[in-house]
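Spelled out, the chains give:
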Amino acid sequence: MQAEFGFNKDKITVTVPDKNYLTTLVPNKVELDLTGEAEVVRALQNPIGSPRLKDIVKKGEKIAIITSDITRPMPSYKVIPHVLDELNEAGIPDEDITVVFALGSHGGHTEERKRQIVGDKVYDRVKCIDSDMNDTKHLGVTSRGTPVDIFTPVAEADRKICLGNIEYHYFAGYSGGAKAIMPGVSTRNAIQNNHSAMVQPEACAGRLDGNPVREDIEESGAILGIDFIVNVVLNEKKEIIKCFCGDKIKAHREGCKFLDSFYAIKIPSRADVVVVSAGGFPKDINMYQAQKALDNAKHAVKKDGIIVWIAACSEGLGESHFSDWMTGHEKSSDMITHIKEDFILGGHKAAAIAMVLENARIFLVSSLEPDFVKSVFLEPYSDIQTAIDEAIKVKGEDASVLLMPYGGSTLPRE
């Protein structure tokens, strides 16, 4: 069996003996009608669990549209123009509308980046600003103790419209919905309190009910009050294939169901060896970015199995706190203990890798120096085929091998 995996800007073909090959996870085939901006228009005209946006807002109200920052694949420049048209149809002038880029704990944008996110027509039409966690209004506290401290222009807006793309999130279950608010326009203290529940087993990709992180996110959104959401699902080319508008819960849940129909892949069984790629550049530009693929792979590997993690990491580890944690602990398990005692953003992804290491060995195929890879608790390889062959050798000649060339987006389900 031969398969192709992305590594940096290259595609590399590997071979797995037929007797070892279990399956390859690729997105399911889904029948699509409208796509792209036509699908956004359709969804706005047919909201789920809600009146149309133009029938919710009233002339004279101040509107906040909260959308993703530059680190997310949300195509705001394709979606926001149609949201503005709907608002204008209701009599809301452009000067009463503000687009807020939900930075969470990320750095701010240059004016050029802001223009890039929303497009020239939107940027020249309405006010576009970054969120600021130092300018917030306290609205309450969730039942899990998370302060609902929201960026003031969002908190004080008469109407809040949340935009985002829906994909799997390794501890919030899914992105989208109220995640635009928490962590999007919340404070560092609030984010840390919410994300600290990631160590609970119920906080995992593809889970909503009983997920403490997701439930806390939605409670934060309810305390603020979200009037309407516009969420899209993207394919591997980052094209809009489906849009879900309306009620913050009902529309989001329908979007999650659709995502499952496309990217949740039934597996015949867990495998001794899972070969997973983050998908190549830019998803594997550093370890911090590539971590998502590793976390999805943990759902497909047997206890004490091996994950062959293909991620070039040409720019090293990435985010500073993540780097500090990966290099600053004596044992990988120490990171799990640390995150329970002192939740640090960035450190949370290091702890997630440590949690995978509790159940499986990780062979990292990268461009990093072997001694450095060993120092961060992983087993180094520079060649994909060599890593796969060695993994089969370690697990035995009858070892089962499962392939995940789209590791960042496909979620294995038993």
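For the structure, check the block above.
Heads up: these notes are all about the structure in this document. (Residues numbered from 1 in each chain as written. Predicted model: local features only at pLDDT ≥ 70, side-chain atom pairs only at ≥ 80, totals over all residues. Heavy atoms only, no water.)

Here's the deal with the overall build of the chain
At step 1: The secondary structure content of the chain amounts to 15 helices and 20 strands.
At step 2: Computed over the C-alpha atoms, the radius of gyration of the chain is 22 Å, within 12% of the 22 Å expected from 2.2 N^0.38 for a compact globule of 414 residues.
At step 3: Sequence-distant contacts in the chain: of pairs separated by 6 or more residues, those separated by 24 or more amount to 74%.
At step 4: For the chain, the accessible surface area stands at approximately 16800 Å², while carbon and sulfur atoms represent 45% of it.
At step 5: Positive and negative charge centroids in the chain, built from 48 and 60 side chains respectively, lie 4 Å apart. (Helix = DSSP H or I, 4+ residues; strand = E, 2+ residues; numbered from the N terminus. Rg over C-alpha atoms; globule rule 2.2 N^0.38 Å. Contact = heavy atoms within 4.5 Å. Areas by Shrake-Rupley, 256 points an atom, 1.4 Å probe, with all protein chains shown as cover. Lys, Arg positive; Asp, Glu negative; His and termini not counted. Charge placed at Lys NZ, Arg CZ, Asp CG, Glu CD.)

Considering the environment of Asn20
At step 1: Turning to its location among the elements, Asn20 is positioned in the loop between strand 2 (10-15) and strand 3 (21-24).
At step 2: Residue class for Asn20 comes out buried when judged on its relative accessible area of 2%.
At step 3: Those residues in contact with Asn20, other than ones at most four positions away along the chain, are Ile392, Glu397, Asp398, Ala399, Ser400 and Val401.
At step 4: In terms of polar contacts, Asn20 uses its side chain to reach the backbone carbonyl oxygen of Ala399, at 2.8 Å. (Buried < 20%, exposed > 50% of the residue type's maximum accessible area, 1.4 Å probe, protein only. Polar contact = N/O pair within 3.5 Å; in protein donor to acceptor, adjacent residues only side chain to side chain.)

Some remarks on the side chain of Asp69
At step 1: The residue Asp69 is located in the loop between strand 4 (63-68) and helix 3 (76-89) in this model.
At step 2: Nearest to the buried, unbridged Asp69 among oppositely charged side chains is Arg72, at 4.5 Å.
At step 3: Within polar-contact distance, the side chain of Asp69 engages the side chain of His106 at 2.7 Å.
At step 4: Setting aside its immediate chain neighbours within four residues, Asp69 contacts Ala102, Leu103, His106, His109 and Ile117. (Salt bridge = Lys/Arg side-chain N within 4 Å of Asp/Glu carboxyl O.)

Re the pattern of salt bridges
At step 1: In total, this model carries 22 salt bridges according to the counting rule given.
At step 2: Residue Asp124 pairs with Arg115 through a salt bridge whose shortest N-O separation is 3.1 Å.
At step 3: Residues joined in a network through salt bridges with shared partners are Glu61, Arg159 and Asp227.

Description of the pairing of strand 7 (residues 136-141)
At step 1: Across five bridges, strand 7 lies against strand 8 (residues 147-151) in antiparallel orientation. Bridging from a neighbouring strand, Thr136 pairs with Phe151 of strand 8.
At step 2: Hairpin remark: strand 7 followed by strand 8, antiparallel, with five residues in the connecting loop; positive phi at Gly145, about 85°. (Pairing = 2+ DSSP bridges.)

A look at the sheet that holds strand 16 (residues 301-310)
At step 1: With parallel pairing, the six strands of this open sheet are ordered in space as 3-19-15-16-17-18. Bordering the open sheet on either side are strand 3 and strand 18 (379-381), each of which pairs with just one other strand. Each adjacent strand pair in this sheet contributes to an overall mean axis angle of 20°, direction not counted.
At step 2: In this sheet, strand 19 (residues 401-404) lies alongside strand 15 (residues 271-277) in parallel orientation, the contact comprising four bridges. Bridging from a neighbouring strand, Val275 pairs with Leu403 of strand 19.
At step 3: Each of strand 16 and strand 17 (360-365) touches helix 13 (residues 347-357); the most contacted strand, strand 17, lies at about 120° to it. (Axes fitted to C-alpha atoms, helices over the stretch in contact; angles between N-to-C directions.)

Overview of the packing of aromatic side chains
At step 1: For the coordinates displayed, the defined rule picks out seven aromatic pairs.
At step 2: Ring geometry for Phe244 versus Phe258: centroids 6.0 Å apart, planes at 45°, classification tilted. Of the two residues, Phe244 is situated in strand 13 (residues 240-246) and Phe258 in helix 9 (residues 250-263); the sequence distance between them amounts to 14 residues. Judged on exposure class, the residue Phe244 and its partner Phe258 are both buried.
At step 3: With a centroid separation of 5.5 Å and 70° between ring planes, the pair formed by Tyr288 and Phe322 is classed as edge-to-face. Of the two residues, Tyr288 is situated in helix 10 (residues 287-297) and Phe322 in helix 11 (residues 320-327); the sequence distance between them amounts to 34 residues. You'll find Tyr288 and Phe322 in the same group, each marked buried.
At step 4: Grouping aromatic residues by their ring pairs yields a cluster made of Phe244, Phe258, Phe262 and Tyr263. (Phe/Tyr/Trp six-rings, centres within 6.5 Å; stacked < 30°, edge-to-face > 60°.)

As for the sheet that holds strand 12 (residues 228-234)
At step 1: Taken together, six strands build an open sheet; the order of strands is 6-5-4-9-12-13 and the sheet is mixed. In this open sheet, the two edge strands, each paired with only one partner strand, are strand 6 (127-130) and strand 13. This sheet shows a mean twist of 20° between the axes of neighbouring strands, independent of strand direction.
At step 2: Strand direction decides the pairing type here: strand 4 and strand 5 (residues 97-102), joined by six bridges, are parallel. Its bridge partner lying in strand 5, Ile65 is registered against Val99.

Details of the nonpolar core
At step 1: Counting 76 residues, the largest nonpolar core has Ile66, Met287, Trp309, Ile353 and Leu378 as its most contacted members.
At step 2: With seven residues, helix 13 is the largest single contributor of residues to this core.
At step 3: If we ignore the near neighbours within four places in the chain, the residues touching Ile66 are Val100, Ala102, Val154, Lys160, Ile161, Cys162, Leu163, Ala180, Ile181 and Val185.
At step 4: Core analysis: the next-biggest nonpolar cluster, separate from the first, contains 34 residues, Leu53, Met74, Leu87 and Tyr123 among them. (Core = buried A, V, L, I, M, F, W, Y, C linked by side-chain atoms within 4.5 Å.)

Looking at the side chain of Lys349
At step 1: Within the fold, Lys349 resides in helix 13.
At step 2: Although buried, Lys349 forms no salt bridge, and the nearest oppositely charged side chain, Glu319, lies 9.1 Å from it.
At step 3: Among the polar contacts made by the side chain of Lys349, one reaches the main-chain carbonyl oxygen of Tyr288 at a distance of 3.0 Å.
At step 4: If near-sequence neighbours (up to four positions away) are discounted, Lys349 is found in contact with Tyr170, Tyr288, Gln291 and Phe322.

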